[in-house]
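Given next are the chains, with one letter for each unit.
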Amino acid sequence: MRISKDEWEKQVFAIKSYYAGVRREWKSNAKILLAKKTDAGDAFIGYAVIKNIADLEEMSEEEKDMCINNNWSKKLSFGKLVRFHPPVLVKDTVVSKWGQKGALLHGAPISETDIESVLKIAKVKIVS
C-alpha cells in the first residue's frame, strides 16, 4: 500500500491502521508492505499484519466522513506494524523487476516469498 502524504504516514504509525481505497478481498493475518516516495525514490517504509477490517458502516461518524471525503472504503487495523529504518528502496528489491512502477504499485498483490525477500533487506525493524 502506498502512503502519499507525510501526515498519513504519521497517522498509520500512530493509530496502527490504514484507510484503504483499493477494493480487494482483505483478510485478517495478511501481510502488506507500506510504500512511500522518498528523495532516493520509491521505498518500502514498513510492513503490517492485518488484524481487523472495518467497513464504513462499522466506523465512527468522524472516520466515515473522512473516508468518504478521501474515497476510502475500509479501515485496516494492524496487529503488528513494523517500520524500516532506513526505508528499503524498491529498486533494491525483487519488486523492481515487476511491470508496475511508482503509484501503480499501490494495491498490487505481493507473494509471501517477495515480502520475505524485502524483510531480509531491511536493516533495522522497529516494531510498534
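Preceding this paragraph is the structure being described.
What comes next is a walk through the structure. (Residues numbered from 1 in each chain as written. Predicted model: local features only at pLDDT ≥ 70, side-chain atom pairs only at ≥ 80, totals over all residues. Heavy atoms only, no water.)

**Details of the environment of V124**
For clarity, the threshold we go by: Put simply, DSSP marks the helices as runs of H or I at least four residues long and the strands as runs of E at least two long, and each gets a number from the N terminus on. Relative accessibility under 20% of the residue-type maximum defines a buried residue, over 50% an exposed one, and the middle range a partly exposed one, all with a 1.4 Å probe and only protein chains included. Contacts are residue-level and defined by heavy atoms, with any inter-residue pair within 4.5 Å sufficient.
Tracing the chain through its elements places V124 in strand β5 (residues 124–127). Since its relative accessible area comes to 39%, V124 is described here as partly exposed. For the pair V124 and P86, spaced 38 residues apart in sequence, the C-alpha separation works out to 7.0 Å. Discounting residues that sit within four places of it in the chain, V124 has contacts with R83, F84 and H85.

**A few points about unusual backbone geometry**
Following H85, the chain continues into P86 via a peptide bond in cis, with omega recorded as -5°. On the secondary structure map, P86 appears in strand β4 (residues 74–89). Unusually for a residue other than glycine, N29 sits at a positive phi of about 75°. Checked against the element boundaries, N29 lands in the loop between β1 (17–20) and β2 (31–38). The phi dihedral of N71 falls on the positive side, at around 60°, and the residue is not glycine. Mapped onto the secondary structure, N71 falls in the loop between α2 (61–70) and β4.

**Here we look at the side chain of D42**
Definition in use: Polar contacts here mean pairs of N or O atoms no more than 3.5 Å apart (in protein, one a potential hydrogen donor and the other a potential acceptor; neighbouring residues in sequence count only if both atoms are side-chain atoms).
Checked against the element boundaries, D42 lands in strand β3 (residues 41–55). Within the structure, the side chain of D42 is placed 2.9 Å from the side chain of R2, a separation counted as a polar contact.

**As for the packing of aromatic side chains**
Spelled out, the test is: Pairing of aromatic rings covers Phe, Tyr and Trp, the last through its six-membered ring, and needs centres within 6.5 Å; plane angles under 30 degrees mean stacked, over 60 mean edge-to-face, and all others mean tilted. Cation placement over rings: the criterion is NZ of Lys or CZ of Arg within 6 Å of the ring centroid and within 35° of the ring normal.
The tally for this structure, following the rule as stated, stands at three aromatic pairs. Measuring from ring centre to ring centre gives 5.7 Å for Y19 and W72, while their planes differ by 15°; the resulting arrangement is stacked. With Y19 in strand β1 and W72 in the loop between α2 and β4, this residue pair connects regions lying 53 residues apart in the sequence. We note that Y19, like W72, is buried. Ring geometry for Y47 versus F84: centroids 6.2 Å apart, planes at 35°, classification tilted. Residue Y47 is located in strand β3, and its partner F84 is located in strand β4; the two are separated by 37 residues in the primary sequence. The two residues Y47 and F84 agree in class, both being buried. Taken together, the ring pairs in this structure connect W8, Y19 and W72 into an aromatic cluster. The aromatic ring of W26 is capped on one face by R24, whose charged end is 4.8 Å from the ring centroid. A cation over an aromatic ring shows up here: R83 above the ring of F13, its NZ or CZ 3.8 Å from the ring centre.

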